[in-house]
Amino acid sequence: MVCFLFAGAYYSQSQTVPEGVLVGAVLYSPFEYRRAWDENRQSFPIGADLIQQFNTGLNATLGPNPAGGLWVDGSYEADYHFFTFDLYAGLSDRTTFHFQIPYFRSQVRQRVAIFAPPPLAGVIEAQLEALDIRDETLNARGWGDAHLWLYHNYIDSDHWRLTAGLGWRSALLASTYRQNTEKLNVGTRESEALLLNHYSQFQILNNLRMNYRFELQAFLPGKRDAFQPGLGVVNVKHRPGHYLTHELDAEATWFSDRISTKFGIWYRDEGRSRIDGVRDATGKDYLWHKYALAYSGLTDYNLGKLPLPFFVELRYWDLKRARNTRAYADSYWELWLAVPLWSR
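So, here's what we can say about the structure. (Residues numbered from 1 in each chain as written. Predicted model: local features only at pLDDT ≥ 70, side-chain atom pairs only at ≥ 80, totals over all residues. Heavy atoms only, no water.)

**Thoughts on the packing of aromatic side chains**
In total, this model carries 20 aromatic pairs according to the counting rule given. When the centroid spacing of 5.4 Å and the interplanar angle of 80° are considered together, the rings of Phe219 and Tyr243 count as edge-to-face. Taken together, the residues span a long stretch of sequence, with Phe219 in strand β10 (residues 208-219) and Tyr243 in strand β13 (residues 243-254) at a distance of 24 residues. Note on Phe219: relative accessible area 3%, which makes it buried. Considering the side-chain rings of Phe311 and Trp336, the 5.6 Å spacing of their centres and the 70° angle between planes classify their relative orientation as edge-to-face. Remark: Trp336 occurs in strand β19 (residues 331-343) and Phe311 occurs in strand β18 (residues 311-323); sequence separation between them is 25 residues. Comparing Phe311 with Trp336 shows no difference in burial state: the two are buried. Feature note: the residues Phe31, Phe82, Phe104, Trp266, Trp288, Trp317 and Tyr332 constitute an aromatic cluster, connected by ring pairs. (Phe/Tyr/Trp six-rings, centres within 6.5 Å; stacked < 30°, edge-to-face > 60°. Helix = DSSP H or I, 4+ residues; strand = E, 2+ residues; numbered from the N terminus. Buried < 20%, exposed > 50% of the residue type's maximum accessible area, 1.4 Å probe, protein only.)

Below, the structure written as structure tokens:
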């Protein structure tokens, strides 16, 4: 069990555990979608643009609403709870196999209000139905995309620790709900992807180090169910744009390596997707600040104060920029817990 040192102390960037060690972990992430933030840090109700466009079209063809209000109003809210399960198996002192899969619970609440005389109300309602917009409450639970990784720590010196990873992301085990999959499960892209990863860790002082992570997710062509007005749910060709992620943080340890604190930045560039032969107009990118507070139980385990070592980390993410897209959350938190399951 003492080999758990590397699972806890180095998890954040190295992703490797010693030979013969099996480590399990779970990450809990709650998301509440209420409003959306644009790149200028302005917030809007989710779906506000679509409602405004629809009302503009109605007013242009039908004239002002006799009731004096909007033709159409509504709201969109969602709650997601993700439990991401990890399993790390040390194949050698430098090579680790990693399996990851998220489990989710979700509820989506969509409300529509139509302010129009009865004959027109029915016409408007039919038009909204054709756009998959209706009064509904959707509840679901299931699995997201599975990730399989093989990490190799190719340099491990007093100051440098470098690890390369090769992986695969698969929607084979993911739960699907036809046209409601995107509303209910944001943990799947319904397309296979090749994963490349690299971790760099530089020890600046005895209790201070810099961590840098680079990751590329290159999606392969696939198919997905999509809703198209007038046709309903159809299965179309789909190729998500790439994910290119950079994460840099400074990590300090305190109280004989029991406590660690981090501050970092997380940046992701998302390439343009192609759905049914049509490519998105632009790509997207996000910039977040990350703050983390962690506890490693190794020191107290070695002193006989704990029956089992464990590692826990609380992270807080703060959105700084979302370009060419509306971000549905400007901040959220995560709780990560890892424990050794077996050691030979």
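**Here we look at the side chain of Asp269**
Tracing the backbone shows Asp269 in strand β14 (residues 259-270). Although Asp269 lies buried, it forms no salt bridge, and the closest oppositely charged side chain, Arg323, sits 4.4 Å away as judged by the N-O distance. Here the side chain of Asp269 touches His242 through a polar contact of 2.9 Å, side chain to side chain. If we skip the residues at most four places from it in the chain, Asp269 touches His242, Tyr243, Leu244, Lys284, Asp285 and Arg323. (Lys, Arg positive; Asp, Glu negative; His and termini not counted. Salt bridge = Lys/Arg side-chain N within 4 Å of Asp/Glu carboxyl O. Polar contact = N/O pair within 3.5 Å; in protein donor to acceptor, adjacent residues only side chain to side chain. Contact = heavy atoms within 4.5 Å.)

**Observations regarding the pairing of strand β6 (residues 136-143)**
Of the two faces of β6, only the one carrying Glu136, Leu138, Ala140 and Gly142 is buried; Thr137, Asn139, Arg141 and Trp143 on the other face are not. Pairing between strand β5 (residues 95-114) and β6: eight bridges, direction antiparallel. From the neighbouring strand, Phe104 faces β6, where its bridge partner is Gly142. (Pairing = 2+ DSSP bridges.)

**Considerations on the pairing of β10**
Burial of β10 is one-sided: the residues Arg209, Asn211, Arg213, Glu215, Gln217 and Phe219 facing one way are buried, the residues Leu208, Met210, Tyr212, Phe214, Leu216 and Ala218 facing the other way are not. Examined bridge by bridge, strand β9 (residues 193-205) and β10 share 12 bridges and lie antiparallel to one another. Across the sheet, Leu194 pairs through a bridge with Ala218, a residue of β10. Where β9 folds back onto β10 in an antiparallel hairpin, the turn is made up of two residues. Both β10 and β13 contribute to a ladder of 10 bridges, which runs antiparallel. Pairing of Leu216 across the sheet is with Leu244, part of β13.

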